[in-house]
Amino acid sequence: MSLLEIRDLKIYYRTPRGPVKAVDGVSFDVREGEVFGIAGESGCGKSTLVHSLILRKPPMFHAGGEAIFKGKDLMKLSEEEARKIRYTELSIIPQYAMNALNPTKKIKDIVWDLAREHGYEDRSEVEGLLRERLAMVKLSPKVADMYPVELSGGMRQRATMVVSTLLNPDLLIADEVTSALDVTTQRVVIELLHHFMEEGIVKSIIFVTHDLALLDKIADRTMILYAGKVAEIAPTEEMISSPAHPYTKLLLESLPKIGVRYKETKLNGIPGYPISLLNPPKGCRFYTRCPYVMDRCREEEPPLVEVGDDHYAACHLLGGENQ
Ligand SMILES: Nc1ncnc2c1ncn2[C@@H]1O[C@H](COP(=O)(O)OP(=O)(O)O)[C@@H](O)[C@H]1O
Ligand code: SF4
Ligand SMILES: [Mg+2]
């Protein structure tokens, strides 16, 4: 069953030179009980997409499409309605999670403010829950009485994860939460996210990263975005073993090979740069960098078509009625 259904969603930024089309007609589902990965190079619209589900502050605006979450269109909620479901139904661990907590308040006060706003009345009950969750992420109960600045980066990260999940949101969004961490801490964070699912604290997770190598450790299915559009969606194992879209193939080829030390390998990044999202050209957004580009790619946008079991990609080389 789908917890979230995104249909042709368009999220733009208003600028003096015209709209920046950061998310431009994206469709996908997040199913109950799954970790859904979103990957793609920096600037492809990952953060815009996930943040728009929670809060759209100018210059960001909704330019079309729907985001149906538990039967309601998130794009149509009033600020008050959005505030109500935040933390209780839908929650985000932001990209700069380490610095996301209010530095002037103790952890227990941050948590109490949040719980009170959502109708909790018993402070000792909430602090009991906080201690339980701190223990779950292997933090001492003393952390409740500390200010965020008194915690190390890794501890702050875990404290932020506790705050984001305290009220058992159905859907947890993790935006590049592992990007600033060393490999060992990355593993701990990924284990914690799994643990939140196993314990039933969250039902589904959207895990956003620019690091494709992490996805096979966490995501059941993965969506690859390129310049504000979906390139490919597939079960992660299948995406890694048989990528269909030329961009996904190049991304995977650019990863350091397993078993070869990082220093000894040369990252063969994808040549060229993503196009500007201010006035994106028609046709396939990848055509300026694609080794297989054809005339048609410059004119017609490729639709997202089924290319295998639960596997979708948008490229004129792949199956579909236009073939
Ligand atoms: N406030 C803004 N005004 C205009 N453009 C923006 C703004 N914030 C982000 N963008 C643009 O939107 C695009 C997508 O950005 P973002 O969602 O942050 O990508 P990602 O998270 O994949 O790195 C980028 O081209 C970025 O420059
Ligand atoms: S549609 Fe054309 S340019 Fe786009 S990925 Fe496919 S072959 Fe390359
Ligand atoms: Mg981002």
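What counts as what
- Residues numbered from 1 in each chain as written.
- Chains lettered and ligands numbered in written order.
- Predicted model: local features only at pLDDT ≥ 70, side-chain atom pairs only at ≥ 80, totals over all residues.
- Pairing = 2+ DSSP bridges.
- Helix = DSSP H or I, 4+ residues; strand = E, 2+ residues; numbered from the N terminus.
- Axes fitted to C-alpha atoms, helices over the stretch in contact; angles between N-to-C directions.
- Parallel < 35°, antiparallel > 145°, perpendicular 65-115°, else oblique.
- Left-handed = near helix turned anticlockwise from the far one by under 90°.
- Contact = placed C-beta atoms within 7 Å.
- Nonpolar A, V, L, I, M, F, W, Y, C, P; charged D, E, K, R; others polar.

1. Some words on the sheet that holds strand 8 (residues 204-209)
Thinking step 1. The sheet built from eight strands is open, its strands ordered 6-7-8-3-9-10-12-11 with mixed pairing. What marks the edges here is a single partner per strand, and that holds for strand 6 (90-93) and strand 11 (305-308). Across the sheet, the axes of successive neighbouring strands diverge by a mean angle of 20 degrees, strand direction being ignored.
Thinking step 2. Note: strand 6 against strand 7 (residues 171-175), four bridges, orientation parallel. The residue bridging serine 91 from the neighbouring strand is leucine 172, located in strand 7.

2. Quick notes on the packing of helix 3 (residues 107-117) against helix 4 (residues 123-136)
Thinking step 1. Put simply, helix 3 and helix 4 touch, their axes get as near as 10 Å, and they point 120 degrees apart. By the criterion of interaxial angle, the relationship of helix 3 to helix 4 is oblique. Pair helix 3 / helix 4 crosses with right-handed handedness. Between helix 3 and helix 4, the contacting residues are Lys108, Val111, Trp112 and Ala115 on the first element and Arg123, Val126, Glu127 and Leu130 on the second.
Thinking step 2. Of the residues belonging to the contact of helix 3 with helix 4, the class tally is five nonpolar, no polar and three charged.

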